[in-house]
Amino acid sequence: MVRAEGVRKCYGHDEVLQGVNLAVSHGEVMCVIGPSGSGKSTFLRCVNHLEKIDAGRIWVDGRLVGYRQRGDKLYELCDRDVAEQRRDIGMVFQRFNLFPHMTVLDNVMEAPMRVKRDPRELAQACSLELLDRVGLTRHQQNYPSQLSGGQQQRLAIARALAMRPKLMLFDEPTSSLDPELVGEVLDVMRDLAHDGMTMIVVTHEMAFAREVGDSLVFMDGGAIIEKGAPREVLANPRHERCKAFLSKVL
Amino acid sequence: MTRPEPVPPEAIKTIKAIPVRHPGRWAAVIGVGILAAMLISNLITNTAYNWPEQLKYLFSAPILAGVKNTIWLTIAAMAGGVTLGILLALMRLSANPLLRSVAWLYIWLFRGTPLYTQLLIWGNVGALFPTVGLGIPFGPEIISVPTNAFYSAAAAAALGLIVNEAAYMAEIVRAGIQSVDPGQLDAAGALGMSRGQTLRRIVLPQAMRLIVPPTGNEAIAMLKNTSIVAVVPYAELTFAAQSIYATTYQIIPMLVMACVWYLFLSSIMMVGQYYLERHYAKGQAR
Ligand SMILES: Nc1ncnc2c1ncn2[C@@H]1O[C@H](COP(=O)(O)OP(=O)(O)OP(=O)(O)O)[C@@H](O)[C@H]1O
Ligand SMILES: [Mg+2]
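Residues numbered from 1 in each chain as written. Chains lettered and ligands numbered in written order. Predicted model: local features only at pLDDT ≥ 70, side-chain atom pairs only at ≥ 80, totals over all residues. Heavy atoms only, no water.

## Digging into the interface of chain B and chain A
Move 1: Taken together, the contact pairs 21 residues of chain B with 27 residues of chain A.
Move 2: Counting each side, the surface lost to burial between chain B and chain A is near 2,100 Å², with a carbon and sulfur contribution of 55%.
Move 3: By the criterion of area lost to chain A, the three top residues of chain B are A190, L191 and R201 of chain B, representing 28% of everything that side buries.
Move 4: The interface formed by chain B and chain A includes 4 salt bridges. (Contact = heavy atoms within 4.5 Å. Buried area = accessible area lost by both parts, 1.4 Å probe. Salt bridge = Lys/Arg side-chain N within 4 Å of Asp/Glu carboxyl O.)

Put into structure tokens, the structure is as follows:
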């Protein structure tokens, strides 16, 4: 479903990603852990081309992200084609990034109506169904600022799901939530995983990674240092840096 | 931990205390009162205001025509100025360095010269370009018409105001757009929205919250700035008042009457601004 080969990314002279290789198969939930500044967010943003990569290749669902290859030449995709690729990739951000000027329902309906050009009735019906799934039916006419953090993040998940993505990217979805609200968001994500969604989840919730994750990668200094089954990696990490990191967070 | 003493029920009564005295306020009331009384007595007793004369012309044909032109010009100048201003703001924020410098140069030129002088130049464009034609650049012309055939005083006035206003609006719009959280662009992009959709549906509506209040000020300033286009010359409200006192010599009455009209129009605009601001504050945490 997702394949990354030798992905590099520089900001000025900082090489933030130093050759990331990774593969996520269909229906797999991959959790990504690692210290702050290790490039987790950057990698996730490269997967849907919010950031341009400087070297390497990323494929999602068999299609090269951001480029078209003919022979051994790469052609940059135009704006429209990039937008089209992103429809199949949902993303949930640490700071929600909801549209504050739209109601809860409009936040979910916006993309299906504007991007997929679904008729209003269809978009509304699907959106209400999604809001029901994340438990926000009661708040459909409210504005995001009137919701709690947990509700806002559940809304962000519903908004991403409205495009019927084949892949979901989560960038520390619970890191800016009060501890008692983390559970409700993880519950929604757990349901999603059980429904067979392919997911890449950057998280510090080790319990979630252990329970829901199919695989776990540990990133440090812009590279993947260790990967394996979550229980295996969390119980006996092989690399020093991974050991040191886990001893701090567990 | 100690619990607070239970309050006996009779103690829970509204507080009766002697309020703090504000001697300064009383001094201000007296001072303002005296000034107001002087002003009112002046307005009534000073015959130079000539209120009957004002009333006679308040709804006269030339004044109403001037009011109409002032309103028309204000609307045209703001509509044109906002549209061109948005365009310039987008150019300034564009990735294309050529567009960026063109917009910068435009703003530099029109903010750096007085509106009065600009309007004089617009009024005399006929001298700069006696004819306007269609042809090959630096080559032969195919058709050519004299400028004055279509370039009226109204066009000169509107053009001058629009071009000047756009420079100011561009900066207001740019500040508004830049105030929008970049995370909004990420979210819209991740949903597959195009750049145009993101701008129209996500960025501009949020930028409006910051754009509307200064734009309201610009519009009210514009209402009054239209009085400068008398130099074009164009028959807006102040021009109409001037042409009346040119024959009647009732200068103060006509100018006060014009002010009454300006005050009336700007009050209406302030009401409009209030509702616009409320509309774009939707979803804002209070
Ligand atoms: N737009 C940018 N410009 C310059 N440097 C950046 C930019 N975005 C990220 N970086 C740098 O790239 C490095 C990796 O950042 P990234 O956000 O991917 O880390 P992360 O692993 O997600 O960390 P965290 O756990 O704090 O979210 C950091 O050193 C950061 O300073
Ligand atoms: Mg991050």
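## Observations concerning the pairing of strand β8 (residues 89-92) of chain A
All names here are of chain A.
Move 1: Neither face of β8 is open: one carries I89 and M91, the other G90 and V92, and all of them are buried.
Move 2: Here β8 pairs with strand β9 (residues 167-171) via 4 bridges, running parallel. Bridging across to β9, I89 finds its partner in L167. (Buried < 20%, exposed > 50% of the residue type's maximum accessible area, 1.4 Å probe, protein only. Helix = DSSP H or I, 4+ residues; strand = E, 2+ residues; numbered from the N terminus. Pairing = 2+ DSSP bridges.)

## Some points on the sheet that holds strand β12 (residues 223-228) of chain A
Strands belonging to one sheet form pairs held by backbone hydrogen bonds; the direction of such a pair is parallel or antiparallel.
All names here are of chain A.
Move 1: An order of β8-β9-β10-β3-β11-β12 is seen for the 6 strands of this open sheet, with the pairing classed as mixed. Each edge of the open sheet is held by one strand with a lone partner, namely β8 and β12. Pairwise comparison of adjacent strand axes, ignoring direction, gives a mean angle of 20° for this sheet.
Move 2: Across 5 bridges, strand β11 (residues 215-220) lies against β12 in antiparallel orientation. Looking across to β12, one finds that F218 is bridged to E226.
Move 3: Packing of helix α5 (residues 149-161) onto the sheet brings it into contact with β8 and β9, and relative to β8 it is tilted by some 170°.
Move 4: Relative to β11, helix α9 (residues 240-249) is tilted by about 100°, and along the sheet it contacts β3 (29-33), β11 and β12. (Axes fitted to C-alpha atoms, helices over the stretch in contact; angles between N-to-C directions.)

## Brief notes about the nonpolar core
Move 1: Counting 50 residues, the largest nonpolar core has I157, M168, F170, M189 and M199 of chain A as the members making the most contacts within it.
Move 2: With 8 residues, helix α6 (residues 179-194) of chain A is the single largest residue contributor to this core.
Move 3: Within the second largest apolar cluster, 40 residues are counted, among which are V47, L167 and I200 of chain A together with M193 of chain B. (Core = buried A, V, L, I, M, F, W, Y, C linked by side-chain atoms within 4.5 Å.)

## Describing the packing of aromatic side chains
Move 1: Considering all chains together, one arrives at 7 aromatic pairs over all chains under this definition.
Move 2: Both rings, one in F218 of chain A and one in F245 of chain A, keep their centres 5.4 Å apart while their planes meet at 45°; by these two values the pair is tilted. A residue pair is termed long-range when its members are at least 10 positions apart, and F218 of chain A in strand β11 and F245 of chain A in helix α9 qualify at 27 residues.
Move 3: Measuring from centroid to centroid gives 5.5 Å for Y49 of chain B and W51 of chain B, while their planes differ by 25°, and the two rings are stacked.
Move 4: Of the aromatic side chains, those joined through ring pairs into one cluster are F59, W261 and F264 of chain B. (Phe/Tyr/Trp six-rings, centres within 6.5 Å; stacked < 30°, edge-to-face > 60°.)

## A look at the packing of helix α7 (residues 153-178) of chain B against helix α9 (residues 195-225) of chain B
Residues and elements named next belong to chain B.
Move 1: It is the contact of α7 with α9, at a shortest axis distance of 8 Å, that shows an interaxial angle of 145°. Like other packed secondary-structure pairs, α7 and α9 cross with a definite hand, here right-handed. Residues L161, E165, Y168, M169, I172, V173, G176 and I177 of α7 form the contact with α9, whose own contacting residues are V203, L204, A207, L210, I211, P214, T215, E218 and M222.
Move 2: For the contact of α7 with α9, the residue count by class is 13 nonpolar, 2 polar and 2 charged. (Left-handed = near helix turned anticlockwise from the far one by under 90°. Nonpolar A, V, L, I, M, F, W, Y, C, P; charged D, E, K, R; others polar.)

## Quick word on the pattern of salt bridges
Move 1: A full pass over the atoms with the stated rule returns 24 salt bridges over all chains.
Move 2: One salt bridge connects E184 of chain A with R154 of chain A, and the closest N-O pair in it is separated by 2.8 Å. Of the two residues, E184 of chain A is situated in helix α6 and R154 of chain A in helix α5; the sequence distance between them amounts to 30 residues.
Move 3: What makes E184 of chain A partly exposed here is its relative accessible area of 25%.
Move 4: Judged by its relative accessible area of 11%, R154 of chain A falls in the buried class.
Move 5: The salt bridge involving E211 of chain A is made with R190 of chain A; its shortest N-O contact spans 3.1 Å. You can see E211 of chain A sitting in helix α7 (residues 206-212) and its partner R190 of chain A sitting in helix α6, a full 21 residues away along the chain.
Move 6: Salt bridges sharing common partners tie together K9, R45 and E51 of chain A together with D186 of chain B.

## Thoughts on the sheet that holds strand β4 (residues 55-60) of chain A
Residue and element names in this part refer to chain A.
Move 1: If you walk across this open sheet you meet the 4 strands as β2-β1-β4-β5, and the pairing is antiparallel. Each edge of the open sheet carries a strand with a single partner, namely β2 (14-24) and β5 (63-64).
Move 2: Sheet topology note: the strand β1 (residues 2-11)/β4 ladder contains 5 bridges and is antiparallel. When the sheet's bridge partners are listed, V2 is paired in β4 with V60.
Move 3: The strands that helix α1 (residues 40-47) touches are β1, β2 and β4; relative to β2, the one it contacts most, it runs at about 60°.

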